[in-house]
Protein chains: 2
Amino acid sequence: MSQTFARVELHTPYLLFLGEETNPLKAKTAFGLRDWAAESCIGQTRLPGGTIDLGLPEMTPAAAATAGARSLLIGVTPVGGRIPAHWAPLLIAAVEAGLEIVSGLHTALESVPGLALAARRAGVRLMDVRRPPDDLPRATGKRRSGKRVAMVGTDCALGKKYTALALARTMRGQGIDADFRATGQTGIMIAGAGIAVDAVIADFIAGAAECISPAAADDHWDLIEGQGSLFHPAYAGVTLGLLHGSQPDGLILCHDPQRTHLVSWPDYAVPELAVARDLYLQAARLTNPGARLVGVSLNTFGMDEAVAQQALAQAERALEVPAFDPMRSPLQRAVAAILG
Amino acid sequence: MSQTFARVELHTPYLLFLGEETNPLKAKTAFGLRDWAAESCIGQTRLPGGTIDLGLPEMTPAAAATAGARSLLIGVTPVGGRIPAHWAPLLIAAVEAGLEIVSGLHTALESVPGLALAARRAGVRLMDVRRPPDDLPRATGKRRSGKRVAMVGTDCALGKKYTALALARTMRGQGIDADFRATGQTGIMIAGAGIAVDAVIADFIAGAAECISPAAADDHWDLIEGQGSLFHPAYAGVTLGLLHGSQPDGLILCHDPQRTHLVSWPDYAVPELAVARDLYLQAARLTNPGARLVGVSLNTFGMDEAVAQQALAQAERALEVPAFDPMRSPLQRAVAAILG
């Protein structure tokens, strides 16, 4: 369904740039792209010394452009999160070959010496994916057509993006018209579109969320990446605005059963599942009175199978909706619960 | 209590600039300053045709500077909220006289032709009060010393700023160490400091709120201006982040008994007082488990006295805390409830 709305829109397919990186932990973005957006990844390119291998064809920017690539995507995070000066020649060569540059690093692409001029000459865009669109609207609060499922959590960083991606993939595999909707930088690269909601001006959080999951066909499902937690002393405002603007029909509560306190905020306890469910449902019902909990996603990473299954069974008893770990569990029951 | 924190800090006293305005409704900022920060208002200056009179001495910028003024404050809002080109000469004359310029209008002061250069030469600042400080931190969620009361509401624009100002004035009149803490542009001008929380990047809402009411003496009270409403489909994220960062000991629920639906969002009903109380308390207790409701502030503007008193009595019965209209009621009972 086509309409005009403010959103970051990337041009795919990508050439994945891996720099001179040797540590796979610093290449999570690249591996995420390969795993979740394989159809958007046409090749990889490295600098001398780089050892990360995604198993994609090695290509120069010019060769990638000839093969159909539209953007060079920076898939690694150097120490400090900044673009090193010695990357400039390769990035400039890429724009001269007609590729856009896609980056989630802190350095503004415009500030890389020579890059802005080269991009203007080549008529290509420099895409800092954390940078929100300039023309965000305030939220209307009006109901949109289509169906939406929001990932919400008892803390940050416990699998909300992964859950949404896995559910969207499973639903599409079943022939359901479903999209993953991105609200953070890695998600935007995977989806090719989205808005980093934590980077927008506070007045526009819910408005941005409305743009992220626009009106759609009645049988279309959006699986919306969550951010933060209503129980987080620093980020709950982002979470609430995102939830209101998403006006979800269904909520998936994401939780790490091994975590007792918030990561990096050790004075704050992770809430009980039922407490979290109640507050999320109350908040969601402001903009969608029909919102209901449809699943619980547990991050059981590192738990042994029997213990993980026990945790899943316990969560399912507590909340009376399907509990699953998208890394371990088949998702058919969760999808059935989403479809109602 | 002195400490380093990110906040907009203005230099007072002000010369109030009234342009060529003739409509008092377009001079609400100037009247608010005169009424709530009389000690910060040294004079007024107008352009030919201007008829607004605050009853302050008429002064040129140079004369005001000689008399001790530190800033020229734009006290009127022209149509469109922008600075007209013909104001530039007077603004430039003001900075040449050593005055800073304080503005809450949409036009960035830097963009007024000639003004930025003149300000740099004179070594004075151009203060767009809606622009947040550049160095906002993320919220820590750690308890700070001192006492805080947050104004919260069932909607926007129903008297939260006025309530906080009136309570702070009453408390100071009783010899209590109390400050009004500003979270919006007019409040910042009145207080001479603050942050426009709706203009900060979403990740920093609660962090900004922590900066607005810094650690203070144990018997010091901050009366914190509220923004938006937890029941507002566009702005609740701002409200929640502000509430968490404020970590209030007491809440004052602000309400307009004549309003059935949110202003400009007619699909959304104003919540019941008890429902609003419960959600605000639950949210506030994340960062201050001792938070309690200490008062209800009703905006009874336009109601006749008997009807207003009836509304106040009804709110007081419903919530079992003092109900008052800061425009009509003595505030001693409310202050007593705040002090516990």
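Reading the values: the criteria
- Residues numbered from 1 in each chain as written.
- Chains lettered and ligands numbered in written order.
- Predicted model: local features only at pLDDT ≥ 70, side-chain atom pairs only at ≥ 80, totals over all residues.
- Heavy atoms only, no water.
- Helix = DSSP H or I, 4+ residues; strand = E, 2+ residues; numbered from the N terminus.
- Rg over C-alpha atoms; globule rule 2.2 N^0.38 Å.
- Buried < 20%, exposed > 50% of the residue type's maximum accessible area, 1.4 Å probe, protein only.
- Contact = heavy atoms within 4.5 Å.
- Areas by Shrake-Rupley, 256 points an atom, 1.4 Å probe, with all protein chains shown as cover.
- Lys, Arg positive; Asp, Glu negative; His and termini not counted.
- Charge placed at Lys NZ, Arg CZ, Asp CG, Glu CD.
- Domains from an automatic or database assignment.
- Buried area = accessible area lost by both parts, 1.4 Å probe.
- Salt bridge = Lys/Arg side-chain N within 4 Å of Asp/Glu carboxyl O.
- Polar contact = N/O pair within 3.5 Å; in protein donor to acceptor, adjacent residues only side chain to side chain.
- Nonpolar A, V, L, I, M, F, W, Y, C, P; charged D, E, K, R; others polar.
- Axes fitted to C-alpha atoms, helices over the stretch in contact; angles between N-to-C directions.
- Parallel < 35°, antiparallel > 145°, perpendicular 65-115°, else oblique.
- Left-handed = near helix turned anticlockwise from the far one by under 90°.
- UniProt positions renumbered as here; feature names shortened; annotations may be inferred.
- Arc of directions from axis to C-beta.

Asks: Could you give me a rundown of the overall build of chain A, with the residues and numbers involved?
Replies: Across its full length, chain A holds 11 helices and 15 strands. Relative to a compact globule of 340 residues, whose C-alpha radius of gyration would be 20 Å, chain A shows 20 Å and is just as compact. Along the longest, intermediate and shortest principal axes, the C-alpha atoms of chain A span 55 × 45 × 45 Å. The burial tally for chain A puts 61% of its 340 residues in the buried class. Sequence-distant contacts, at least 24 apart, represent 76% of the contacts inside chain A between residues at least 6 apart. As displayed, chain A offers around 13600 Å² of accessible surface, 53% of which is attributable to carbon and sulfur atoms. Within chain A, one finds 30 positive and 33 negative side-chain charges whose respective centroids are separated by 3 Å.

Asks: Tell me about the environment of A:G192, residues and numbers included.
Replies: All names here are of chain A. Position of G192 among the secondary structure elements: in the loop between α6 (185–191) and β9 (193–194). Judged by its relative accessible area of 8%, G192 falls in the buried class. Through-space distance from the C-alpha of G192 to that of A6 is 14 Å; in sequence the pair is 186 residues apart. Among all residues touching G192, those that are not within four sequence positions of it are V8, E9, L10 and Y14.

Asks: Lay out the side chain of B:D222 with the relevant residues and their values.
Replies: Residues and elements named next belong to chain B. Assignment of secondary structure puts D222 in strand β10 (residues 221–224). Among the residues examined, D222 registers a relative accessible area of 0% and is labelled buried. With residues up to four places along the chain from it excluded, the contact list for D222 reads K147, R148, V149, D179, R181, S213 and P214.

Asks: Residue-level account of the domain arrangement of chain A, with values.
Replies: Residues and elements named next belong to chain A. Looking at chain A, the domain boundaries give domain 1 (8–128) and domain 2 (147–339). Here domain 1 and domain 2 have C-alpha centroids that lie 29 Å from each other. A buried area of about 1100 Å², summed over both sides, lies between domain 1 and domain 2, and 64% of it is on carbon and sulfur atoms. Of all residues in domain 1, the largest losses of buried area upon contact with domain 2 belong to V8, W36 and G104, amounting jointly to 54% of the total for that side. The interface formed by domain 1 and domain 2 contains zero salt bridges. Remark: the boundary between domain 1 and domain 2 carries four residue pairs in polar contact (both at pLDDT 80 or more). Only β1 (8–9), α1 (28–36), β4 (71–74) and β5 (100–103) provide two or more residues apiece to the side of domain 1 that touches domain 2. The element that contributes the greatest number of residues to the side of domain 1 that touches domain 2 is α1, accounting for five residues. Its residues assigned to classes, the side of domain 1 that touches domain 2 comprises nine nonpolar, four polar and two charged.

Asks: Account for the packing of helix α9 (residues 273–284) of chain A against helix α10 (residues 305–319) of chain A, naming residues and giving values.
Replies: Geometrically, a packed helix pair is captured by the angle between its two axes and the distance between the axes. Residues and elements named next belong to chain A. The N-to-C vectors of α9 and α10 enclose an angle of 50 degrees; their axes lie 10 Å apart at closest approach. Judged by the angle between their axes, α9 and α10 are oblique. When the axes of α9 and α10 are compared, the crossing they make is right-handed. Where α9 approaches α10, its residues L273, A274 and R277 are matched on the opposing element by A315, A318 and L319. Broken down by class, the residue content of the contact of α9 with α10 amounts to five nonpolar, no polar and one charged.

Asks: Explain the pattern of salt bridges to me, using residue names and the numbers behind them.
Replies: All names here are of chain B. For the structure shown, the criterion picks out 34 salt bridges over all chains. Its salt-bridge partner being D203, residue R138 comes within 3.0 Å of it at the nearest N-O pair. Note that R138 is positioned in the loop between β6 (126–128) and β7 (147–153) and D203 in the loop between β9 (193–194) and α7 (205–212), a separation of 65 residues in sequence. A residue is classified by how much of its surface remains accessible, and D203, at 7% relative accessible area, is buried.

Asks: Kindly report on the UniProt feature "domain: D-glutamate N-acetyltransferase-like C-terminal" (unreviewed entry) in chain A, identifying the contributing residues and their values.
Replies: Residues given the UniProt feature "domain: D-glutamate N-acetyltransferase-like C-terminal" (unreviewed entry) here are residues 139–330 of chain A. From the first C-alpha to the last, residues 139–330 of chain A spans 36 Å; its make-up is 35% helix and 20% strand.

Asks: Tell me about helix α1 (residues 28–36) of chain B, and please be specific about residues and values.
Replies: Residue and element names in this part refer to chain B. Among the residues making up α1, those that are buried are T29, A30, G32, L33 and W36. Angularly, the buried residues of α1 cover 160 degrees about the axis, an arc narrow enough to put them on a single face. In this structure, the buried side of α1 is in contact with β2 (14–17), β3 (41–45), β4 (71–74), α5 (160–173) and α6 (185–191).

Asks: I'd like a description of the side chain of A:D203, backed by residues and values.
Replies: Only 3.0 Å separates the side chain of A:D203 from the side chain of A:R138, close enough to count as a polar contact. Not counting the four nearest positions on each side in its chain, A:D203 is found in contact with A:R138, B:D198, B:A234, B:Y235 and B:V238.

Asks: Residues and numbers for the UniProt feature "domain: D-glutamate N-acetyltransferase-like N-terminal" (unreviewed entry) in chain A, please.
Replies: Per the UniProt record, the feature "domain: D-glutamate N-acetyltransferase-like N-terminal" (unreviewed entry) sits at residues 53–132 of chain A. Split by type, residues 53–132 of chain A is 29% helix and 14% strand. Its first and last C-alpha atoms lie 31 Å apart.

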